[in-house]
Every structure is written in structure tokens, then in C-alpha cells.
Amino acid sequence: AKLYKRTSYLLPALRKSTVGNKNAPKSSSHEGQAATQNMSFENMVESRREEACRSILVQVHSEQSCFHLHKYCCQYGEVKGMHHYSLPGSSHFVLVEFTHKANVDHILKCSSHVNRKEVIPVRSPFLWFRAPNKPLQPNHTSSEPPTPVEINGNNIPAPAELRNWIQAAESFSDQILVLHRATSLNDLGSRLRFLTARQIELALSGLFPQITVMPFGSSVNGFGKAACDLDLVLLADKEETNDEDNSDCRIVFHAKTLLTNGRTQVQRHMETLGDMVQMLLPGCSHVRRILQARVPIIKYHQDLTGVECDLSMTNMSALYMSELLYILGASDWRVRPLVFAVRSWAREIGLTNPTPGRWITNFSLTLLVLFYLQQHSKHKGPVLPTLNTMISLAGSGDHRITSEGVNCTFIRDVSQLCHHMASSSKKLPNTDNLETLFIGFFEFYSSFDFTTHAISLTNGTSVTKPDHSPMYIANPLERGLNVSKNVSHDETERLRIEFRNTAWMLESVSLTPHETSLTVSQKKADEAWGLTALFEAPQSAAKGRNIFYLPTQRVPPPRIMDVSNLFQQDTDEVGDSFV
Ligand code: CTP
Ligand code: MG
């Protein structure tokens, strides 16, 4: 029998979630995420990178092609998994994961170009499946290996669907969990992002055999939502950034001398890199060069994985920042759902915007939530440790200093950190549920004085603002930098007003579901409550807008494929005319 896995964020599984239960049922599309979820950041990244080395991406005509593609791939090695997804415009793709990297090398060696004279003959793991020269066998035999395929792995719930799920939750805290589980980056999303990084790595590996292209930001820090952008940093020679002593080595590489102005050099290299991405790499389009920014970046869209990318060259501290956020998110089960709820709130009322500007970013909002969770009351301890505590607990293996001299040393062992939090506090542990924490967040920032005070996660207290920026959130790793430097006076004021409005609204909207017994009308049962009421309230700037707006186009719902049907299909792999 063929094995078809149901992807999805199924409502019953989500509804069964119980507040405060770390082991609450998870949707199966997050199974892959769950496999990496207890790993350290470095192990998770390494495991994903290694998985990308064993994977290829194949465009197919439709999901019915999965069987024939599987059969074809099995000639080159054992197929560990196949993940189908579709993109707007009805293009279908399958990410094929082999058991060994050698299988990928073998299949790529045996792959070819069509119309060789008309294309740049680039070789990469980005492929398409053409129609065979001879007719395919429509039926499979029992001796054939099973096809482990996940269909529509990139499904994102439509706004109305998500609203229904949130409405159907059992409590306000549960609503927050449902929102988090239904909208966070799933296993296939992570796989596609690491494969997108691998494309750049492979393209440059002839010049820089030690090159590493590392995803950072929301794709890896545990706060990524489905369809989030991919931030990438290119490390040309990772080996030599380690403190290896090469002084005895007598054979030395000839190499071009660096320009004295390192920034100019980076800008020139980024320009060349932009040209390469634009002209040579399959699927990369809309290349934009933003070279005057503090961190110069190349923006591009990877059409085959459907990911928007920001590629930089000198951003090691941002990578460690992602690790810091990952550790804080992993150290308590409430952190990530709470951050998701606050970021959704900000998006719904129009405080955040996908285009950069003078408004607050998701990253700054995340730091606001983390800072709030570092606070303690008279009796209750904090949910999260301060950075100073994390630095004081660092072991010998946690020492990290970037080539720019930024000290990124802090404890990496989450279980040790949790143990310290549980054993060192003289106060009662904070066991507040998500509802209490969400309400507390708005109360806390309603009375926070952004005009005179800055936020510092280093010691978890507010400090006097070092300059006149309207909003000041000290970068936890690069202490002299203000993460929210871009936020204007007007936007800070709007944020302050919205914190107060929401704190006030949370006192007036119903935070429990309406009764669904026969005595209550269906209309009443559909009435907004909790998160839904908050975002749909007349006071909210979101009024009239789509609730829970998600930027990605709707794709067909996940389902288990009808296998019998599948094998009666005519072969329909894309033909030679399709490039
Ligand atoms: N970063 C930083 N300092 C800043 C801005 C960003 O260190 N002033 C780092 C953070 O690690 C951040 C990453 O760069 O996570 C990527 O920034 P950005 O894309 O703005 O934020 P994300 O966390 O990726 O969130 P989003 O999903 O909105 O992209
Ligand atoms: Mg990002």
C-alpha cells in the first residue's frame, strides 16, 4: 500500500489542545518541526542543512506525477520522503529527500538540459520532470516501494477558516495556541528555506569550497510564520572564522588583496553576487541591490520555492541574535504563542507593514514581548531570564566573538537554563496562562514611558534613553545600537495609544466562548469573542479589513489522496515544451 501522509493543521487536533500542556497534540505538518524542536540551535541548523544536501526540488505537472517521480527517483537511491506543494499559477513541485547525499549527486549527474543551445547550462538541485520517451506503466505492482508523499505541504488556512478555528477554541488561551499552531512555519517551509540557501552555497562553492550560506531571522529563530521571508548570511570561509591555529601551515593560498575600505569591498562583492543571482541562478527573479544600508543586502524572489530572500555578507551578530531568540523561545512553551498573538494583533490593526519604513518591525515587537516576560512581580518570578543571567551561565563551549568584535557569549543549553530558572528563584514560579500574560503585556506597555526610557534585555529593566530617538530598544548583542531606530515619533505615539486601547478593550470584550447549547441561538454562538472580538471590534483600526490577513494566496485544502484514482491517471509529467 502506498503511504500518503495528511499534511495539516486539522481542527480537531488543534481544538483538543489544552492550555499549559507542552505536549498538547500538534498538527502533523509540524511533525518535522517537532523532530528538530528539542535540538540546540546549532544542531537544528546543521540537521536542516544536511537534509537540504540530500534533497532535490522537482517541478511536476500535477500532484498525480508523484508516483512516477517516486518510481524514477528510486533508481538513484532510497527516497526518504516526498513533499508536494503548489504555488500560485498552478505550478506543482515536489521536494524529494533521499537517504544519502550520494543519491542526489548521482541523479544530478544523470540529469540533462533541454534545448541546450537556448539556456545557460547551470546545474543545480532545481529540476523539472519531463514526459518520458516511451509510455509509462499506469499501474503499480505490489513489489514497488511505497511512495511516502505529503500533498499540499505548504497549505495556509484561509482567513475565514482560521477565524472559525479560533472561534471554536475552548478558552482565550487556547485561541492563542490555535493561532500559533495554524500560522507558524511548518516542516516543508523550513526545508524549502534551507534548500534556497543551498542554491547560493552550491553556486559559489567552486570559488569558496568552505562557503556556508546560513538562514537567520524568523526562518530559524522559532518565531517564523508560514510564508515568512528568508534572511540569509553568506560566510565565505567559515573554517577560518574559527580560532584555528594555522601558523605552522607552509602552503598558503594565493588570493587578491582586500580593499582598505571593507565596506566598499562588501558593496562591490554584493553587486557581483546580485548579477550572478539575477543572470545565472534558476528561479531567482526581481533582484534588487540595497547597498547603502547599514548592512548591504541583495533582495530577490526564489520563484520555485516561493520564498522572498534578503542576502547579506556581514551579519554574524544577527545570526547569533537568532540563536538567542531561539533559546528564549524554547525555554518556555508560552513564549512563542504569545509573540505570535502580539504580532498578529499589530498586523491586524495596521501597526506593522511588510514594507520597511518608520513603523515598528516584527523583530522589535518580539523584543518588547521578551522584555515584558523578563519582568517579575512582588511574589512571582519572571518567565524569562535576563541576558546577563544567560551570560553568567555560559560554559566553555558557549564562547562566541564575531570578526567585528561583538561578544555573543551566552548559555546555549536550554535545559540547563530552565533548571537554573526553576531552582534559583526565591519567588513563586510564574505559571500564568496565555490569557493572563496577553492582558498583562498590554497593561505593562500602557504605562511604559517611551519618551524617557529605553528597553534593555541585558538586565531586564528599563534604562534612561541614551539619545532622542522616539523609541529605543537596545540591541541585546550590539549594545550601542537601537533596534527600533527606524520608528518615528508618530508611530511611537500610535503604538502607545493602541496599547491603551487594547488594554481597555480586553476589559470589555468577552474572553470566554459563547454557550453552544440548544438554548442559545446559532447566531449567538458565532458571535466574536476573545481574539476574534479584539480584532473585529469597532474601535480597532482593523475594522472593515480581512481578519487574520495572511499574505499568501489560498491553496487547495490538504487531504489524503485517493490512491486508486492516482494510478489510473494518464502520465502527465511536464513535456519538453515546458521550460
Ligand atoms: N536583526 C538585528 N538587528 C536589527 C534588525 C534585525 O539583529 N536591527 C536581526 C535579527 O536576528 C532578526 C533578523 O536580523 O531576527 C532578521 O530581521 P528581520 O527580517 O527584520 O526580522 P525577522 O525576525 O526575520 O522577522 P520577519 O518575519 O518580520 O522577517
Ligand atoms: Mg526576516
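Since we're looking at a predicted model, the values are computed, not measured.

### Comments concerning the overall build of the chain
Part 1: Looking only at helices and strands, the chain features 20 helices and 13 strands.
Part 2: Burial status across the chain gives 51% buried among its 579 residues.
Part 3: For the chain, contacts bridging at least 24 residues in sequence account for 68% of all contacts bridging at least 6.
Part 4: Carbon and sulfur atoms provide 53% of the accessible area of the chain, an area that totals close to 27,900 Å².

### Remarks on the sheet that holds strand E11 (residues 307-312)
Part 1: The five strands are arranged E7-E8-E11-E10-E9 in an open sheet whose pairing can be described as mixed. Unpaired on one side and paired on the other, strand E7 (212-216) and strand E9 (284-290) mark the two borders of the sheet. Geometrically, the sheet is characterised by an average inter-axis angle of 25 degrees between neighbouring strands, direction not taken into account.
Part 2: Two elements, strand E8 (residues 230-235) and E11, share four bridges in a ladder whose sense is parallel.

### Considering the site of ligand 1
Part 1: Taken together, the residues surrounding ligand 1 are Phe216, Gly217, Ser218, Asn221, Asp231, Ala318, Met321, Ser322, Arg343, Asn362, Phe363 and Asn475.
Part 2: In this structure, an oxygen atom belonging to ligand 1 sits 2.8 Å away from a side-chain N or O atom of serine 218.
Part 3: Within the side chain of aspartate 231, one N or O atom sits 3.0 Å away from an oxygen atom of ligand 1.
Part 4: Here ligand 1 loses 76% of its free accessible area of 560 Å² to cover by the protein chains.
Part 5: Partitioning the shell around ligand 1 into residue classes produces four nonpolar, six polar and two charged.

### Examining helix H13 (residues 362-373)
Part 1: If you check H13, its first and last C-alpha atoms are 17 Å apart, about what 12 residues at 1.5 Å a residue would give, namely 16 Å.
Part 2: With 10 of its 12 residues buried, H13 lies for the most part within the structure.
Part 3: Residues of H13 that are buried include every one of Ser364, Leu365, Thr366, Leu367, Leu368, Val369, Leu370, Phe371, Tyr372 and Leu373, and no others.
Part 4: Summarising the contacts, the buried residues of H13 are in contact with helix H11 (316-330), helix H12 (335-348), helix H16 (434-446), strand E12 (453-456), strand E13 (461-464) and helix H17 (489-508).

### Digging into the packing of H12 against H13
Part 1: Interaxial distance between H12 and H13 falls to 10 Å at its minimum, and their mutual angle equals 130 degrees. Comparing the axis directions of H12 and H13 gives the class oblique. The way H12 lies across H13 gives a crossing that is right-handed. Of the residues in H13, those in contact with Val335, Leu338, Val339, Val342, Arg343 and Ala346 of H12 are Asn362, Leu365, Thr366, Val369, Leu370, Tyr372 and Leu373.
Part 2: Its residues assigned to classes, the contact of H12 with H13 shows 10 nonpolar, two polar and one charged.

### Some thoughts on the pattern of salt bridges
Part 1: All told, the structure shown has 22 salt bridges when counted by the stated rule.
Part 2: Residues arginine 54 and glutamate 97 are paired through a salt bridge, measuring 2.8 Å at the closest nitrogen-oxygen approach. Residue arginine 54 is found in the loop between helix H3 (41-53) and strand E2 (55-60), and its partner glutamate 97 is found in strand E4 (residues 91-98); the two are separated by 43 residues along the sequence.
Part 3: A salt bridge links arginine 191 to aspartate 187, with the shortest nitrogen-to-oxygen separation between them at 3.0 Å. Of this pair, arginine 191 and aspartate 187 both sit in helix H8 (residues 187-204), four residues apart, roughly one helical turn.
Part 4: We classify aspartate 187 as buried; its relative accessible area is 6%.
Part 5: The network of salt bridges with common partners includes Arg48, Glu50, Glu51, Arg54, Lys80, Glu97, Asp187 and Arg191.

### With respect to the pairing of E2
On a regular strand, one side chain projects to one face of the sheet and the next to the other, so that they alternate.
Part 1: In terms of burial, E2 is largely enclosed, as six of its six residues are buried.
Part 2: Of the two faces of E2, both are covered, the one formed by Ser55, Leu57 and Gln59 as well as the one formed by Ile56, Val58 and Val60.
Part 3: Sheet analysis places E2 next to E4, joined by six bridges and oriented antiparallel. What sits directly across from valine 60, in E4, is histidine 92.
Part 4: With three bridges joining them, E2 and strand E5 (residues 126-128) adopt parallel strand pairing. Counted as the bridge partner of valine 58 is leucine 127 from E5.

### A closer look at the nonpolar core
Part 1: If you look at the biggest cluster of nonpolar residues, it comprises 96 residues, and the most contacted ones within it are Trp345, Leu368, Phe438 and Tyr445.
Part 2: Other than its neighbours up to four places away in sequence, tryptophan 345 contacts Leu351, Phe442, Leu495, Glu498, Phe499, Thr502, Leu534 and Phe535.
Part 3: One finds Ile211, Leu234, Val287 and Ile298 within the second-largest nonpolar core, a separate group that totals 22 residues.

### Re the pairing of E12
Part 1: Here four bridges tie E12 to E13, and the two strands are oriented antiparallel to one another. Residue alanine 454 lies in a different strand from E13, and its bridge partner there is valine 463.

### Some remarks on a nonpolar patch on the surface
Part 1: Taken together, the side chains of Ile120, Met279 and Leu280 make up a nonpolar region of the molecular surface, amounting to roughly 310 Å² of accessible area.
Part 2: For leucine 280, the location among the structural elements is in helix H10 (residues 262-280).
Part 3: A relative accessible area of 40% places leucine 280 in the partly exposed class.

### A closer look at the environment of isoleucine 151
Part 1: Along the chain, isoleucine 151 falls in the loop between strand E6 (149-150) and helix H6 (159-167).
Part 2: In this structure isoleucine 151 comes out as buried when scored by relative accessible area, which is 1%.
Part 3: Linking isoleucine 151 and histidine 84, residues 67 residues apart in sequence, is a C-alpha distance of 4.8 Å.

### Here we look at the packing of aromatic side chains
Part 1: All told, the structure shown has 23 aromatic pairs when counted by the stated rule.
Part 2: With a centroid separation of 5.3 Å and an interplanar angle of 65 degrees, the aromatic rings of phenylalanine 41 and tyrosine 326 are classed as edge-to-face. Residue phenylalanine 41 is located in helix H3, and its partner tyrosine 326 is located in helix H11; the two are separated by 285 residues in the primary sequence.
Part 3: Judged by its relative accessible area of 6%, tyrosine 326 falls in the buried class.
Part 4: Look at tyrosine 445 and phenylalanine 450: their rings are 6.1 Å apart centre to centre, the planes differ by 15 degrees, and that puts the pair in the stacked class. There is no split in this pair, since tyrosine 445 and phenylalanine 450 are both buried.
Part 5: Following the ring pairs from residue to residue traces out a cluster consisting of Phe172, Trp345, Phe371, Tyr372, Phe438, Phe441, Phe442, Phe444, Tyr445, Phe448, Phe450 and Phe499.
Part 6: Directly above the ring of tyrosine 326 sits arginine 336, whose terminal nitrogen or CZ lies 5.3 Å from the centroid.
Part 7: Between arginine 412 and the ring centre of phenylalanine 410, over which it is positioned, the NZ or CZ distance is 3.9 Å.

Thresholds, definitions, all that
- Residues numbered from 1 in each chain as written.
- Chains lettered and ligands numbered in written order.
- Predicted model: local features only at pLDDT ≥ 70, side-chain atom pairs only at ≥ 80, totals over all residues.
- Heavy atoms only, no water.
- Helix = DSSP H or I, 4+ residues; strand = E, 2+ residues; numbered from the N terminus.
- Buried < 20%, exposed > 50% of the residue type's maximum accessible area, 1.4 Å probe, protein only.
- Contact = heavy atoms within 4.5 Å.
- Areas by Shrake-Rupley, 256 points an atom, 1.4 Å probe, with all protein chains shown as cover.
- Pairing = 2+ DSSP bridges.
- Axes fitted to C-alpha atoms, helices over the stretch in contact; angles between N-to-C directions.
- Near = heavy atom within 4 Å.
- Polar contact = N/O pair within 3.5 Å; in protein donor to acceptor, adjacent residues only side chain to side chain.
- Nonpolar A, V, L, I, M, F, W, Y, C, P; charged D, E, K, R; others polar.
- Expected span 1.5 Å × (residues − 1).
- Parallel < 35°, antiparallel > 145°, perpendicular 65-115°, else oblique.
- Left-handed = near helix turned anticlockwise from the far one by under 90°.
- Salt bridge = Lys/Arg side-chain N within 4 Å of Asp/Glu carboxyl O.
- Core = buried A, V, L, I, M, F, W, Y, C linked by side-chain atoms within 4.5 Å.
- Patch = residues over 30% accessible without salt bridge, like charges linked within 9 Å, V, L, I, M, F, W, Y side chains within 5 Å.
- Phe/Tyr/Trp six-rings, centres within 6.5 Å; stacked < 30°, edge-to-face > 60°.
- Lys NZ or Arg CZ within 6 Å of the ring centre and 35° of its normal.

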